[in-house]
Amino acid sequence: MQSKNKEAILEEIITGNHTKVRIAVTDIDGILRGKVIHLDKFTEAINSEIGVCDVVFGWDANDKCYDNVQLTGWHTGYPDKKAVIDINTFRKIPWENSLPFFLADFNHDPEGSKVCPRSLLKKIKAECNKAGYMPRFSQEFEFFNFQGTPSEIDTANYQKLNPITPGMFGYSILRSSQNSAYFNDLFDLLLKFDIPLEGMHTETGPGVYEATIIYDDVLNAADKAVLFKTAVKEIAYKHNIMASFMAKWNQSLPGCGGHLHQSLWDINGKTNLFWDEKANHSMSKLMENYIAGQLYCLPDILPMYAPNVNSFKRLTEGAWAPTTLTWGVDNRTTAIRAITKSAKGARIETRVPGSDTNAYLAMAAALASGLYGIKHNLKLETPPTIGNGYLDKSNGVLPGNLLEATLKMKGSNIANELFGEGFTDHFTNTRIWEWKEYMKSISDWELKRYFEII
């Protein structure tokens, strides 16, 4: 990552007559939590730190405070943690009068750094660099788009949702021409916001788009992925549209994938180390170790790819999401898809993550488990799956729900080795909380099934 000049950026903000700056951190769920601060406050903060209430790691997606974590809570009084603004994340928000924007993290805070998603990824990236590799990643997102404002959809109790286009029409020129102002705004404004898209198209399903962000250094890629989701939602608001990255909003429709593309290069970024033209499938030994590591670790770290109750409703057979511990060459029914058509493009696509993931945690999980395979020289014990990966259960299947997956991760020595006991304990407790909140709810399905008949 090329460092940006702090003085030059500050001068650009001042000469641009900006009086305020927006900063943000991400919580455990990957939700941006931030505020707008006065320019004077910002100039002080970039030379030291800024206090951020550690409740950002102490509440869920609906701001309900966890009662089962140790880092923070009523027992600690929710003090500030020391956040540091990353000057390299500077960009301007084009749909908000070019408001200056920065990401921050808790990398310098002894306690906050243990659970901060961005700090975790920075740690694993440093381990990767130390081993002599440059990790390059990209995340692609599928997301549904609905007519109406958040208030209108909430008032309607999320019933009778109206997608912006009808029918099942993937890769449609016709459907992308509908709402063309919105479609083009996404592509163009995201580029101005330093989130360049490789491509965007309609997916199969009413009102669903898929967008792939151009690959980058893993930390930059994660920054862009996290910012992408919030940016899309904000741009959608301008068009009276609500974008949803929920993993599975309708049982009759495909879910929303958040697939991770990744490769390891030499430390100078000149040579793709996953490519070996003379090897079987042009896959280098390093690439095989990396895939083997991901497959080996996957059952122990699944909540980092599938963090919500709803995530597991996407991971069902025949729904374009994997359910088995499989890999294949250009096979979209397996958990890991190896793509080895060229030296530049040789990579793997981890297809387990959905669009509801926290990009920092999903990329940290993928990179750490791949490096685990390299460190331990793990071999690909099974051949590539040919044909239907849903039927190939020779290497096992994924845990079936959030509680099962979380309990496996909570007691996992592998998870502790990859991420540290502090993170693993905090993260798994937040997922147990999520499951308990789900179990308190009464669904429409239960009412219709049991209310009268039982």
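Residues numbered from 1 in each chain as written. Predicted model: local features only at pLDDT ≥ 70, side-chain atom pairs only at ≥ 80, totals over all residues. Heavy atoms only, no water.

*Asks:* Before we move on, can you summarise the nonpolar core with the specific residues and values?
*Replies:* Judged by nonpolar contacts, the single largest core of 124 residues is most densely connected at Tyr182, Phe228 and Phe419. Tallying contributions element by element places helix α11 (residues 359-375) first for this core, with 13 residues. Those residues in contact with phenylalanine 419 that lie beyond four places of it in its chain are Leu120, Lys123, Ile124, Ile301, Met304, Ala364, Ala365, Ala368, Met409 and Thr424. Membership of the second largest hydrophobic core comes to seven residues, among which are Phe146, Ile153, Val208 and Cys256. (Core = buried A, V, L, I, M, F, W, Y, C linked by side-chain atoms within 4.5 Å. Buried < 20%, exposed > 50% of the residue type's maximum accessible area, 1.4 Å probe, protein only. Helix = DSSP H or I, 4+ residues; strand = E, 2+ residues; numbered from the N terminus. Contact = heavy atoms within 4.5 Å.)

*Asks:* Can you explain unusual backbone geometry? Please cite residues and give values.
*Replies:* For tyrosine 171, which is not a glycine, the phi torsion comes out positive at approximately 55°. Relative to the elements of secondary structure, tyrosine 171 occurs in the loop between α5 (150-155) and α6 (173-177).

*Asks:* Describe the pairing of strand β1 (residues 20-26), with residues and values.
*Replies:* With five of seven residues buried, β1 is to be regarded as a mostly interior element. Across seven bridges, β1 lies against strand β2 (residues 32-38) in antiparallel orientation. Its bridge partner being in β2, alanine 24 is matched across the sheet by glycine 34. Between β1 and β2, which follow one another and run antiparallel, lie five residues, and glycine 30 among them has a positive phi close to 85°. By the bridge criterion, three bridges tie β1 to strand β6 (residues 99-105) in an arrangement that is parallel. Paired with arginine 22 across the two strands is phenylalanine 101, which belongs to β6. (Pairing = 2+ DSSP bridges.)

*Asks:* Any chance you could break down the pattern of salt bridges for me, citing the residues and the numbers?
*Replies:* Scanning the model with the defined rule gives 23 salt bridges in all. In this structure, aspartate 194 engages arginine 91 in a salt bridge whose closest nitrogen and oxygen atoms are separated by 3.4 Å. Of the two residues, aspartate 194 sits in the loop between α7 (180-192) and β8 (197-202) while arginine 91 sits in strand β5 (residues 91-93), which places them 103 residues apart along the sequence. For aspartate 194, a relative accessible area of 35% gives the class partly exposed. The residue aspartate 223 makes a salt bridge to arginine 118 at a minimum N-O spacing of 2.9 Å. (Salt bridge = Lys/Arg side-chain N within 4 Å of Asp/Glu carboxyl O.)

*Asks:* Could you give an account of helix α12 (residues 402-410), with specific residues and numbers?
*Replies:* Within α12, the full set of buried residues consists of Leu402, Ala405, Thr406 and Met409. The arc that holds every buried residue of α12, seen down its axis, measures 95°, which confines them to one face. Buried residues along α12 sit against α9 (285-301), α10 (311-314), α13 (413-419) and α14 (421-440). The residue sitting at the N-terminus of α12 and contributing the capping side-chain oxygen is asparagine 401; that oxygen lies 3.1 Å from the backbone nitrogen of leucine 403. (Arc of directions from axis to C-beta. Polar contact = N/O pair within 3.5 Å; in protein donor to acceptor, adjacent residues only side chain to side chain.)

*Asks:* Can you explain the packing of helix α8 (residues 218-238) against α11? Please cite residues and give values.
*Replies:* Two elements in contact, α8 and α11, have axes separated by 8 Å at closest approach and are oriented at 150°. The hand of the α8/α11 crossing is right-handed. Facing α8, whose interface residues are Val218, Leu219, Ala221, Ala222, Asp223, Ala225 and Val226, α11 presents Ala359, Tyr360, Met363 and Leu367. Across the contact of α8 with α11, the residue classes break down as 10 nonpolar, no polar and one charged. (Axes fitted to C-alpha atoms, helices over the stretch in contact; angles between N-to-C directions. Left-handed = near helix turned anticlockwise from the far one by under 90°. Nonpolar A, V, L, I, M, F, W, Y, C, P; charged D, E, K, R; others polar.)

*Asks:* Lay out empty space enclosed by the protein with the relevant residues and their values.
*Replies:* Applying the stated rule across the entire model yields one cavity of 30 Å³ or more. Estimated volume of the largest cavity: approximately 40 Å³. Contributing to the lining of the largest cavity are Thr165, Pro166, Gly167, Phe169, Arg175, Thr202, Glu203, Gly205, Pro206, Gly207, Val208 and Tyr209. Among the residues forming the lining of the largest cavity, the class breakdown is five nonpolar, five polar and two charged. (1 Å grid on protein atoms, 1.4 Å probe; cavity = no way out; pocket = protein on both sides within 12 Å on 5 of 7 lines; lining within 4 Å. Points joined across faces, edges and corners; volume = space filled by probe spheres on them.)

*Asks:* Would you mind going over the side chain of asparagine 358 in detail, with residue names and values included?
*Replies:* With respect to the element layout, asparagine 358 can be found in the loop between β15 (347-350) and α11. Polar contacts involving the side chain of asparagine 358 include one to the main-chain carbonyl oxygen of aspartate 27, which spans 3.1 Å. Residues within four places of asparagine 358 in sequence aside, it is in contact with Asp27, Ile28, Asp29, Gly30 and Pro117.

*Asks:* Can you tell me about the packing of aromatic side chains, naming the residues and giving the values?
*Replies:* All chains considered together, the criterion is met by 24 aromatic pairs. For the ring pair phenylalanine 183 and tyrosine 209, a centre distance of 5.2 Å and an interplane angle of 85° mean the geometry is edge-to-face. Separated by 26 residues along the polypeptide, phenylalanine 183 in helix α7 and tyrosine 209 in strand β9 (residues 208-213) bring together distant segments of the chain. Accessibility classification places phenylalanine 183 together with tyrosine 209 in one group, the buried group. Ring plane angle 65° and centroid distance 6.0 Å describe the contact between phenylalanine 419 and phenylalanine 423, whose orientation is recorded as edge-to-face. Positioned above the aromatic ring of tryptophan 265, the side-chain terminus of arginine 136 is 4.4 Å from the ring centre. (Phe/Tyr/Trp six-rings, centres within 6.5 Å; stacked < 30°, edge-to-face > 60°. Lys NZ or Arg CZ within 6 Å of the ring centre and 35° of its normal.)

*Asks:* Give a detailed account of α8, specifying residues and quantitative values.
*Replies:* Spanning 21 residues, α8 covers 30 Å between terminal C-alpha atoms, matching the ideal 30 Å at 1.5 Å per step. In α8, a bend of some 25° at phenylalanine 228 exceeds every other bend along the element. When you tally the buried positions in α8, you get 17 out of 21 residues, the bulk of the element. Among the residues of α8, the N-terminal cap falls to aspartate 217, whose side-chain oxygen and the backbone nitrogen of leucine 219 are separated by 3.0 Å. (Expected span 1.5 Å × (residues − 1). Bend = angle between axes of the 7 residues up to and from the residue.)

*Asks:* Just give me the short version of the packing of α7 against α8, but keep the residues and values in it.
*Replies:* Relative orientation of the contacting elements α7 and α8 amounts to 135°, with a least axis distance of 10 Å. Compared by their axis directions, α7 and α8 come out oblique. For the crossing formed where α7 meets α8, the hand is right-handed. Touching Tyr182, Asp185, Leu186, Leu189 and Leu190 of α7 are Phe228, Ala231, Val232, Ile235 and Ala236, all from α8. Taken together, the residues of the contact of α7 with α8 break down into nine nonpolar, no polar and one charged. (Parallel < 35°, antiparallel > 145°, perpendicular 65-115°, else oblique.)

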